[in-house]
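# Architecture and fold: a report
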Amino acid sequence: QVQLMESGGGLVQPGGSLRLSCVVSGSGFSIGAMGWYRQAPGKERDFVANIRWSDGTTNVADSVKGRFTISRDNARNMVSLQMNSLKPEDTAVYYCNANLRRFGITSPWWGEGTQVTVSS
């Protein structure tokens, strides 16, 4: 059994900060990469950021570059997203994603999502 557990969402004012985290639990897997996607009502799920597990190489969407920072904690199988200078357009459900290798194949796993609301 593999589970992705997200935390850290909430309500914040424009210009504020939040830190999301996601922990992968279970056994029999190795992590290729973890990251975050987000989906606002009526819109597609968009890529936000990810990080390669082997060397920590990151990719960040242009819309959040300079404001969001992704990091990993290998010992905890955890990825974090530090979100600063939040804007109302950042409001969305944020989904943790993990590319996991199990039984010789790699497949994506998803968390349930955590709500981030940026509003005054």
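Data block above holds the structure.
Report on the accompanying structure. (Residues numbered from 1 in each chain as written. Predicted model: local features only at pLDDT ≥ 70, side-chain atom pairs only at ≥ 80, totals over all residues. Heavy atoms only, no water.)

Centre distance and the angle of the planes are the two values used to describe a pair of aromatic rings. Scanning the model with the defined rule gives 2 aromatic pairs in all. Measuring from ring centre to ring centre gives 5.6 Å for Y37 and F47, while their planes differ by 80 degrees; the resulting arrangement is edge-to-face. Linking Y37 in strand β4 (residues 30–39) with F47 in strand β5 (residues 46–52), this pair joins segments that are 10 residues apart in sequence. Taking the relative accessible area as the measure of exposure, F47 reaches 29% and is therefore partly exposed. Between Y37 and W110 the ring centres are 5.1 Å apart and the planes differ by 70 degrees, which places this aromatic pair in the edge-to-face class. Of this pair, Y37 sits in strand β4 while W110 is found in strand β10 (residues 105–110), placing the two residues 73 residues apart along the sequence. Ring pairing ties together the aromatic residues Y37, F47 and W110, which thus form one cluster. Stacked on the ring of Y95, the Lys or Arg R45 has its end atom at 3.7 Å from the ring centre. (Phe/Tyr/Trp six-rings, centres within 6.5 Å; stacked < 30°, edge-to-face > 60°. Helix = DSSP H or I, 4+ residues; strand = E, 2+ residues; numbered from the N terminus. Buried < 20%, exposed > 50% of the residue type's maximum accessible area, 1.4 Å probe, protein only. Lys NZ or Arg CZ within 6 Å of the ring centre and 35° of its normal.)

Take S80: it is sitting in strand β8 (residues 78–83). Apart from the residues within four sequence positions on either side, S80 is in contact with R19, L20, S21, W36, T69, I70 and S71. (Contact = heavy atoms within 4.5 Å.)

Topologically, N97 is positioned in strand β9 (residues 92–102). Under the relative-accessibility criterion, N97 is labelled buried at 8%. Looking at N97, its side chain comes within polar contact range of the main-chain oxygen of W109, at 3.5 Å. Once residues within four sequence positions are removed from consideration, N97 is found in contact with L4, A33, M34, G35, Y37, P108, W109 and W110. (Polar contact = N/O pair within 3.5 Å; in protein donor to acceptor, adjacent residues only side chain to side chain.)

As paired strands, strand β7 (residues 68–73) and β8 are joined by 6 bridges and run antiparallel to one another. Residue pairing in the sheet places S71 in a bridge with S80 of β8. Where β7 folds back onto β8 in an antiparallel hairpin, the turn is made up of 4 residues, including N77, whose phi is positive at roughly 50 degrees. (Pairing = 2+ DSSP bridges.)

On to the pattern of salt bridges, then. Counted under the stated rule, the structure contains 4 salt bridges. One continuous salt-bridge network, built from bridges that share partners, spans R38, R67 and D90. (Salt bridge = Lys/Arg side-chain N within 4 Å of Asp/Glu carboxyl O.)

A few words now on the nonpolar core. Note on soluble globular proteins: their nonpolar side chains tend to be buried together. Among the nonpolar cores identified, the biggest contains 31 residues, and M34, W36, V79, L81, M83 and Y94 are the most heavily contacted of them. At 5 residues, β9 tops the list of elements feeding residues into this core. (Core = buried A, V, L, I, M, F, W, Y, C linked by side-chain atoms within 4.5 Å.)

Peptide bonds are trans in most cases, and residues, glycine excluded, mostly fall at negative phi. The phi dihedral of N77 is positive, around 50 degrees, even though this residue is not glycine. Along the chain, N77 falls in the loop between β7 and β8. For N77, a relative accessible area of 24% corresponds to the partly exposed category. A positive phi is found at F103, a non-glycine position, where the angle reads about 55 degrees.

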